[in-house]
Amino acid sequence: MVSKARQLAQSASAPEGRKNVVTNGAMQVAQRSTSVTGIGASDGYFTVDRFNINVNGTSGRLTMTQTADGPSGFANCIKLDCTTADTDMDANKFIILEQRFEGQDLQRFMKGTSDAKEYAVSFYVKGNASATYVVELFDSDNSRQVSKTFSVTTSWTRVELTFPADTTGAFDDDNAQSLNLHLWLVSGTTYTSGTLSQTWTSNSGNNANRAVGGDNFFSSTDNTFFITGMQLEVGSVATEFEHRSFGEELQLCKRYYNRTTRSGNDNVYFGVAQVNSSTVAYAIEKWEVAMRANPTFGISAATDAELFGAMGAKQSSAVSLLVDGTQNGLISITVASGLTQDNAVRAYLRSADAFYELDAEL
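Residues numbered from 1 in each chain as written. Predicted model: local features only at pLDDT ≥ 70, side-chain atom pairs only at ≥ 80, totals over all residues. Heavy atoms only, no water.

A. Here's a closer look at the state of the cysteines. For the structure shown, the criterion picks out 0 disulfides. Looking at the unpaired C77, the closest cysteine sulfur is the one in C253, lying at 16 Å. When its relative accessible area of 0% is taken as the criterion, C77 is described as buried. Lacking any disulfide linkage, C82 is separated from the closest cysteine sulfur, that of C77, by 17 Å. Residue classification places C82 among the buried residues on the basis of a relative accessible area of 2%. (Disulfide = S-S within 2.5 Å. Buried < 20%, exposed > 50% of the residue type's maximum accessible area, 1.4 Å probe, protein only.)

Below is the structure:
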């Protein structure tokens, strides 16, 4: 039976269109990989798009997987599996699963005004055993935060948390990072020795209040953590999860990270390149989706591209983004020799499973 409060919240949110600020909340898209081992030495986006692992100081390690083991209505979830334990939680150690948000996508919360709105956070979780962890909203524009604990059991349960409105400190209206949704899974004493901040508080000198009451995911190699259906919305009540199509989520993810991969024998073309010298050609490439900011460029291997023209095929020795932009870029492709200046050649990925990537993550 749906409560009257929830019916009213759902009705109020419907005219606003897309209510869920979280991208890829159903864990559908994983452009980089579906499984990565040994995570814990450094930060990074490893598997499911838009979900970052933020780490510091721990010797514990985990495997992160996009797993087909969601609750009813969800095909996929993130699974974290502790593979190396770390029972010493002194000082600055932490592991945080997070999503970061642009300020221009948060204006609906009216933060920093007298009309400021509440935040409803919801998601589905389970684990190998009962545990308690911490959710934190961290306002990076104004260094303010608020936290709440949540419980995990061995069965899928939906967590629904409401965070108060904040009339102090508006989010910047731009494409930079303004808010982090943190799930603290490991927290050292630096972050647990105070009193949990359940109202918005200045973080200046108050790290001790951020993750009080959370368990240590790295306490045992038996520990697992599963999560899906993550939603952040305006309101005092968490409403039903907003499902979006795979295609829509993929396009939203590509604003931050876009990987183009050669599948089998299907060539992936950069396009037509103009030869600048006997060893270098330039290809102008229009990005599939406009990026959040000028991206960094990467390729699976320097030798995975090839130029083809009247001189035959020439394997690359280096590929780089010479001029970057949010909508297109100039790619420089270097070969050993044999190009004729001002000729046009085709540029493409030559190797099976080769890829190039554009990264504009927050």
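B. The arrangement of the packing of aromatic side chains in detail. One pass over the full model with this rule turns up 15 aromatic pairs. Taking the centre distance of 5.0 Å and the plane angle of 85° together, the rings of F123 and F150 count as edge-to-face. Taken together, the residues span a long stretch of sequence, with F123 in strand β7 (residues 119–127) and F150 in strand β9 (residues 144–152) at a distance of 27 residues. Judged by relative accessible area, F123 falls into the buried class, the value being 0%. The exposure class assigned to F150 is buried, which follows from its relative accessible area of 4%. Their ring planes at 40° and their centres at 5.0 Å tell us that F270 and Y356 sit as a pair that is tilted. Here the residue F270 occupies a position in strand β15 (residues 268–275), and Y356 occupies one in strand β22 (residues 355–359), the gap between them amounting to 86 residues. Per residue, the accessibility class of F270 equals that of Y356, and both read buried. Through a chain of ring-to-ring contacts, the aromatic side chains of F123, Y133, F150 and F225 assemble into a single cluster. Against the face of Y257 rests R32, its NZ or CZ located 3.7 Å from the ring centre. A cation sits over an aromatic face here: K111 above W200, 5.0 Å from the ring centre. (Phe/Tyr/Trp six-rings, centres within 6.5 Å; stacked < 30°, edge-to-face > 60°. Helix = DSSP H or I, 4+ residues; strand = E, 2+ residues; numbered from the N terminus. Lys NZ or Arg CZ within 6 Å of the ring centre and 35° of its normal.)

C. Inspection of the sheet that holds strand β17 (residues 296–299) at higher detail. One open sheet accounts for 3 strands, arranged β14-β22-β17; its pairing is antiparallel. Two strands close off the open sheet at either side, each with one partner strand: β14 (257–261) and β17. The sheet shows a mean angle of 15° between the axes of neighbouring strands, direction not considered. For β17 and β22, the ladder comprises 4 bridges, and the chain directions are antiparallel. Its bridge partner lying in β22, G298 is registered against E357. (Pairing = 2+ DSSP bridges. Axes fitted to C-alpha atoms, helices over the stretch in contact; angles between N-to-C directions.)

D. Main features of the confidence of the model for the protein. Of the residues in the protein, 95% reach a pLDDT of 70 or more, and the chain-wide mean stands at 94. A low-confidence stretch, residues 11–15 stays under pLDDT 50, and its non-local contacts, those more than four residues away or across chains, total 1 contact. (pLDDT = per-residue confidence, 0-100. Contact = heavy atoms within 4.5 Å.)

E. Expanded view of the environment of Q251. Mapped onto the fold, Q251 is located in helix α2 (residues 246–254). Here the alpha-carbon distance between Q251 and V289, two residues 38 residues apart in the chain, equals 7.1 Å. With near-sequence residues (within four places) excluded, Q251 lies in contact with E288 and V289.

F. Representation of the environment of A283 within the structure. Position of A283 among the secondary structure elements: in strand β16 (residues 280–286). Residues A283 and V345, spaced 62 residues apart in sequence, show a C-alpha to C-alpha distance of 9.2 Å. Excluding residues that lie within four positions of it along the chain, A283 makes contacts with F270, V272, A273, G329, L330 and I331.

G. How the structure looks around the pattern of salt bridges. This model, assessed by the stated rule, comprises 19 salt bridges. Measuring nitrogen to oxygen at the nearest pair gives 2.8 Å for the salt bridge that ties E242 to R244. By relative accessible area, which is 10% here, E242 ends up buried. E357 serves as the salt-bridge partner of R259, at 3.3 Å between the closest nitrogen and oxygen. Remark: E357 occurs in strand β22 and R259 occurs in strand β14; sequence separation between them is 98 residues. (Salt bridge = Lys/Arg side-chain N within 4 Å of Asp/Glu carboxyl O.)

H. Region of interest: the environment of R346. As for its placement among the helices and strands, R346 is situated in strand β21 (residues 344–349). Each C-alpha atom, one on R346 and one on A336, is 16 Å from the other, the two residues being 10 residues apart in sequence. Among residues more than four places away in sequence, those in contact with R346 are Y269, G271, E306, L307 and F308.

I. The arrangement of α2 in detail. Taken together, the buried positions of α2 are E249, L250, C253 and K254. Projected down its long axis, α2 carries its buried residues within an arc of 135°, all on one side. The inward-facing, buried residues of α2 contact β14. (Arc of directions from axis to C-beta.)

J. Broad picture of the sheet that holds strand β5 (residues 77–84). Read from one edge of the open sheet, 6 strands run β1-β4-β5-β13-β7-β10, paired in antiparallel fashion. With partners counted over all chains shown, the strands left at the sheet margins are β1 (35–39) and β10 (157–163), one partner each. Averaged over all pairs of adjacent strands, the angle between their axes in this sheet comes to 25°, without regard to strand direction. Here 3 bridges tie β1 to strand β4 (residues 61–67), and the two strands are oriented antiparallel to one another. Paired with V36 across the strands is M64, a residue of β4.

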